[in-house]
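Okay, here's what each chain looks like letter by letter:
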Amino acid sequence: MISSLVLALALQTVQPVEEPAEAMTAAEATAEAVANAEAAAIDAVNSDGTADGESAGASGQTKAVLPPPPPEPDIPRDTPVRLMVLNEVSTKEHKVGHKFKLRVDAPVLVDGNEVVPVGAIAWGELLSAEKSGNIGKSGKLSARLLYLDLDGREIPIDGDTEADGKSGKGETILGVLSVGVFGLFAKGNNAKLKAGEKMTAFISEDVFLD
């Protein structure tokens, strides 16, 4: 009797135990892992594609860089050169085609650096020479500057200047005859370019010394 009562009380105090959730089968676990792996692979491909595209775009921008500017000339065109006639040139003694010497009378500077020294030789040429007449007709000559000799290199020059003489001493004017040719005209008993006469020439094209 007592044993039956104790057993009944024990059964009343015991709480019902919930059954655990049904465990996931091996096949379901494998399928879920495969699905997760596929999703991760798709995300990785999308991410790499975007990064590669951006990288390609950046690379394209780098290749579009403009080329460097051309080098600056050592002696720019129109650089002035101060010259002095070394020997007299006159219609009395010289004919067409006669070449005469001039020398650089002042150093030529570019950005503070000497590019042509004093004493460098330049050349000119008579284009026409008309002697003075017996009835007071003045002699005339025309000439052009040719080039500057810089260490054996011929650098084309041109330019203009004026030198006015008094009566009986002649008059000289260096002026433009045509494109690239600068002429010297003179009037007097015998037209002449006097030794020591100074004029300014100009470099006619950009010069690169190296």
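All residue numbers here refer to positions counted from 1 along the written sequence of the relevant chain. Confidence filtering applies because this is a predicted model: local features only for residues at pLDDT of at least 70, side-chain atom pairs given and counted only at 80 or more, and all residues used for totals across whole chains, interfaces and linings. Here the side-chain values reflect all heavy atoms present in the structure, with hydrogen atoms and water set aside.

(A) Representation of the overall build of the chain. To qualify as a helix, a DSSP run of H or I must reach at least 4 residues; to qualify as a strand, a run of E must reach at least 2; elements of each kind are numbered from the N terminus. Of regular secondary structure, the chain possesses two helices and 13 strands. In the chain, of all internal contacts separated by at least 6 residues, the share reaching a separation of at least 24 is 59%. Total accessible area on the chain is roughly 14,400 Å²; 55% of this is exposed by carbon and sulfur atoms. Note on definitions: a residue-residue contact is assigned when non-hydrogen atoms from the two residues lie within 4.5 Å. The accessible surface values rely on the Shrake-Rupley method and a 1.4 Å probe; as for residues, cover is taken only from the protein chains in view.

(B) The pattern of salt bridges, seen in detail. Any carboxyl oxygen of Asp or Glu that lies within 4 Å of a side-chain nitrogen of Lys or Arg is treated as forming a salt bridge with it. Here the structure, examined in full by the defined rule, presents four salt bridges. Between K198 and D105 there is a salt bridge, and its shortest N-O distance comes to 3.2 Å. On the criterion of sequence distance, the pair formed by K198 in strand β13 (residues 198-203) and D105 in the loop between β3 (99-104) and β4 (108-110) is long-range, its members being 93 residues apart. Relative accessibility under 20% of the residue-type maximum defines a buried residue, over 50% an exposed one, and the middle range a partly exposed one, all with a 1.4 Å probe and only protein chains included. On the accessibility criterion, K198 (38% relative accessible area) is partly exposed. What makes D105 partly exposed here is its relative accessible area of 24%. Across the pair R144 and E125 runs a salt bridge, and its minimum N-O distance is 3.3 Å.

(C) Representation of the environment of E93. Looking at the secondary structure, you find E93 in the loop between β2 (89-90) and β3. Sequence-wise, E93 and A129 are 36 residues apart; in three dimensions their C-alpha atoms are separated by 9.6 Å.

(D) Highlighting the side chain of S90. Position of S90 relative to the elements: it lies in strand β2. Once residues within four sequence positions are removed from consideration, S90 is found in contact with L141, A191 and K192.

(E) View of the confidence of the model for the chain. pLDDT: the predictor's confidence for each residue, scored from 0 to 100. In this model, the chain carries a mean pLDDT of 73, and residues with pLDDT of at least 70 account for 59%. For the chain, per-element mean pLDDT is lowest for strand β9 (residues 161-163), which scores 38, and highest for β4, which scores 97. For residues 2-11, every residue scores under 50 in pLDDT, and the model assigns this stretch zero contacts once sequence neighbours within four places are set aside. The low-confidence segment residues 160-182, where pLDDT is below 50, has 56 contacts with residues more than four positions distant or belonging to other chains.

(F) Summary view of a negative patch on the surface. Residues E72, D78, D111, E205 and D206 make up a contiguous surface patch of negative charge. Residue placement: D206 occurs in the segment after β13. Without a salt bridge and with relative accessible area above 30%, a residue can belong to a patch; like charges are then joined within 9 Å and nonpolar side chains (Val, Leu, Ile, Met, Phe, Trp, Tyr) within 5 Å. Only four residue types enter the tally: Lys and Arg on the positive side, Asp and Glu on the negative side; His and the chain ends are excluded. Working definition for charges: the position is that of NZ of Lys, CZ of Arg, CG of Asp or CD of Glu.

(G) Molecular detail of the pairing of strand β1 (residues 80-85). In this scheme, strands are said to pair when DSSP sees at least two bridges between them. Two elements, β1 and β13, share five bridges in a ladder whose sense is antiparallel. Bridging from a neighbouring strand, M84 pairs with K198 of β13. Across three bridges, β1 lies against β3 in antiparallel orientation. The residue bridging V85 from the neighbouring strand is L102, located in β3.

(H) Molecular detail of the nonpolar core. What makes a nonpolar core is a set of buried Ala, Val, Leu, Ile, Met, Phe, Trp, Tyr and Cys residues whose side-chain atoms join them at distances within 4.5 Å. Ranked by size, the top nonpolar core spans 28 residues in total, and within it L83, L102, V116, L148, I157 and I203 carry the most contacts. Elements represented by at least two residues in this core include exactly β1, β3, β4, β5 (113-116), β6 (121-130), β7 (140-150), β8 (153-158) and β13. By residue number, the principal contributor to this core is β7, which donates five residues. Dropping the residues within four chain positions of it, L83 is found in contact with L102, R103, V104, D105, A122, I157, E197, K198, M199 and A201.

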